[in-house]
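What follows is the residue order along each chain.
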Amino acid sequence: MLGQMMQLPLLISSLIVHAERHHGEQLVVSRRVEGDIHRISYRELAARARRVANALQTLGVAPGQRAATLAWNTHRHMELYYGVSGSARVLHTVNPRLHPDQIVYIADHAEDQVMFFDMTFWPLIQAVAGRTKTVKHWVAMTSRAHMPPAEQAAKVPGLLCYEELLEQASDAYAWPVFDENTASSLCYTSGTTGNPKGVLYSHRSTVLHTMAAALPDCLGCGAADAILPVVPMFHVNSWGIVYLAPMTGAKLVLPGPGLDGKSLYELFETERVTISAGVPTVWQGLLAHVEANQLKFSTMRKSAIGGSACPPAMIRKFRDAYGVHVIHAWGMTEMSPIGTAAAFKGQHAELDDEGRLAVMSTQGRAIYGVDMKIVAEDGAELPWDGVASGDLLVRGPWIIDTYFKGEGGDPKVADADGNRWFPTGDVARITPEGYMVITDRSKDVIKSGGEWIGSIDLENIAMAHPAVAMAACIAAHHPKWDERPLLVVMKKPGMEVTRDELIAFYEGKIAKWWTPDDVVFVDAIPLGATGKMQKNKLREQFKAHKLPTA
Ligand code: ADP
């Protein structure tokens, strides 16, 4: 017997329609590329998104075709999020930090019909415009006054002005109703090795993920909040915040290109931001600015940190020095992206500060909708005892089934019951209370005498040293143990620390045999397009490093 409830598909347009009707006056505030601070209400933004839908029709972009963006977090990018997906086209957010060759590759692979870009990326557009196969229009997301000079513009055929395009389009448009499994947006994984692969989200997966992300134990956002995603809209849809704000009626504050500590802090304060989200490297810049200028956060109460492991020292500093609660979260492009978040359970109220910090430092519990397990090399499930570690597998309605255009075949693995799971490529342990701890990415694992050493634990300890700005732990060749940990350290400006001091710093904090065999100092640790340490580059750089223990 079927239930007798309404069948309304879960569509992305319903989010902006809801915000327009129920939070019409609520604001979206953007620091724009032009340098101004711009304010628009959800009501006005919804009307501009409808103009985008009409403009796409005029440009000849058919439903199902891809419209790409190379853009910062601003209201214009958000208008495209709704105008493109809401009208059944597919929004392809391109990471501007990728190499131009990679951008050409993914624009061709996605068969992008139009590319919307912020003027910051005009040099990049000039470099790629003549090389892509399918892009017919290049739309500068600015007004006529800020368009490139005529002699440069002539070099990019099909160049258009976003504000003009919107002016010429009507705001009368009825959002179409279609199957909720229709594709809505496309993101490519950063692909540290090989070509990037496309992850194609649906309306259904996006709306379900947004609901789960808004829950109290995840981002926990409501209409009285002001939320600022530092995480870019070109990095897994800003972890869903661009959908979550209209869903909850929260004020949305968008930092544009201003991702330095000073610019971010200014926005946090003037817009009375209560919740934010970003990768650890960005928070380092913000904390350095706040510390150096002896500032405080007057409204910030929560910051979600993920994308790579958040060092416990950072969680502690946020809590003890600034009264900001850190939600450590884990996920990946293939998971829309959120899988787990480290929120307390009732019994943790009795823990002391150190005990609570230990819970907050894990990657967290699975949020509803995501199931996870750890397995041994033979696929057998491992116990949740906080000790056994193995490959982390996940399944759920916002987790990838196959990559775009079937690339790489079926990535999933089947278990004994025939259920199919997605292997995350991460290695983890899970505590009896269900908190997951990432010990490594499988390709970064250090295998010493056949036993795994968790490089993230070793990095977290180094990061707690006052002179260390950033630390990466990689495998170095050892004649007896095969691999041993080598710590690569970037010092804080003006601070000193020696190899021996750092090695001594591990004493009592970790099993003795896990202690790094050597420390090397570098001026900078290479970061990838999403702000993560590129350990493969470091392994290459130090592949001939001779350990003193060898
Ligand atoms: P890419 O895989 O292209 O670098 P993603 O943003 O999808 O881009 O990265 C997902 C990976 O980032 C995860 O598989 C995991 O290794 C790492 N990661 C994400 N969040 C955390 C976290 N909180 N702690 C440790 N690692 C994390």
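Residues numbered from 1 in each chain as written. Predicted model: local features only at pLDDT ≥ 70, side-chain atom pairs only at ≥ 80, totals over all residues. Heavy atoms only, no water.

### Overview of the sheet that holds strand β13 (residues 302-305)
Backbone-to-backbone hydrogen bonds pair the strands of a sheet. The strands run either parallel or antiparallel. Strand order in the open sheet formed by nine strands is β2-β1-β11-β10-β12-β13-β14-β15-β16, with mixed pairing between adjacent strands. One side of each edge strand has no neighbouring strand; the edge strands of this open sheet are β2 (37-41) and β16 (365-366). Strand direction decides the pairing type here: strand β12 (residues 275-278) and β13, joined by four bridges, are parallel. Counted as the bridge partner of A277 is A304 from β13. (Pairing = 2+ DSSP bridges. Helix = DSSP H or I, 4+ residues; strand = E, 2+ residues; numbered from the N terminus.)

### What about the nonpolar core?
Judged by nonpolar contacts, the single largest core of 111 residues is most densely connected at F116 and F297. Here this core takes eight residues from helix α2 (residues 42-58), the largest share from any one element. Beyond its immediate sequence surroundings of up to four residues, F116 is in contact with L56, A67, A68, T69, L70, L80, V139, M141, Y162 and L165. Ranked by size, the runner-up nonpolar core spans 34 residues in total, among them L70, A129, C161 and Y188. (Core = buried A, V, L, I, M, F, W, Y, C linked by side-chain atoms within 4.5 Å. Buried < 20%, exposed > 50% of the residue type's maximum accessible area, 1.4 Å probe, protein only. Contact = heavy atoms within 4.5 Å.)

### Remarks on the side chain of R50
Mapping R50 onto the fold places it in helix α2. With a relative accessible area of 14%, R50 lands in the buried category. Within polar-contact distance, the side chain of R50 engages the side chain of E20 at 3.1 Å. Excluding residues within four positions of it along the chain, R50 makes contact with E20, S170, D171, Y173 and W175. (Polar contact = N/O pair within 3.5 Å; in protein donor to acceptor, adjacent residues only side chain to side chain.)

### What about the environment of P96?
Its place among the elements puts P96 in the loop between β4 (90-93) and α4 (100-110). Here P96 falls in the buried class, since its relative accessible area comes to 10%. Remark: the alpha-carbon pair of P96 and K405, spanning 309 residues in sequence, is separated by 23 Å. Beyond its immediate chain neighbours, meaning those up to four positions away, P96 contacts L70, I103, F121, L124 and F234.

### Remarks on the domain arrangement of the protein
Size of an interface: often given as the accessible area lost when the parts come together. The domain boundaries assigned to the protein delineate domain 1 (13-209) and domain 2 (446-541). The C-alpha-based centres of domain 1 and domain 2 are spaced at 40 Å. (Domains from an automatic or database assignment.)

### Structural notes on empty space enclosed by the protein
Sizing a probe to match a water molecule and rolling it over the atoms shows the empty space that remains. Under the criterion given, the structure shown has two cavities of 30 Å³ or more. Taken together, Y201, T206, H209, N237, G240, Y243 and S336 form the lining of the second largest cavity. Split into classes, the residues belonging to the lining of the second largest cavity amount to two nonpolar, five polar and no charged. (1 Å grid on protein atoms, 1.4 Å probe; cavity = no way out; pocket = protein on both sides within 12 Å on 5 of 7 lines; lining within 4 Å. Points joined across faces, edges and corners; volume = space filled by probe spheres on them. Nonpolar A, V, L, I, M, F, W, Y, C, P; charged D, E, K, R; others polar.)

### Regarding the packing of helix α1 (residues 13-22) against α2
Close contact between α1 and α2 brings their axes to 8 Å; oriented N to C, the two are set at 140°. As far as their axial angle goes, α2 and α1 are oblique. Read as a crossing pair, α1 and α2 show a hand that is left-handed. Residues I16, A19 and E20 of α1 lie in contact with α2, whose contacting residues are Y42, R43, L45, A46 and R50. Its residues placed into classes, the contact of α1 with α2 shows five nonpolar, no polar and three charged. (Axes fitted to C-alpha atoms, helices over the stretch in contact; angles between N-to-C directions. Parallel < 35°, antiparallel > 145°, perpendicular 65-115°, else oblique. Left-handed = near helix turned anticlockwise from the far one by under 90°.)

### Side note on the pairing of strand β18 (residues 389-395)
Where strand β17 (residues 371-375) meets β18, five bridges bridge the pair, whose relative direction is antiparallel. Note on β18: the bridge partner recorded for V375 is D391. Relative to strand β20 (residues 420-430), β18 runs antiparallel, the two being bridged by five bridges. Paired with S389 across the strands is R429, a residue of β20.

### Let's talk about helix α13 (residues 353-361)
Considered for burial, the residues of α13 that qualify are G355, L357, V359, M360 and S361. Where α13 is buried, its residues contact α12 (312-322) and β14 (325-331).

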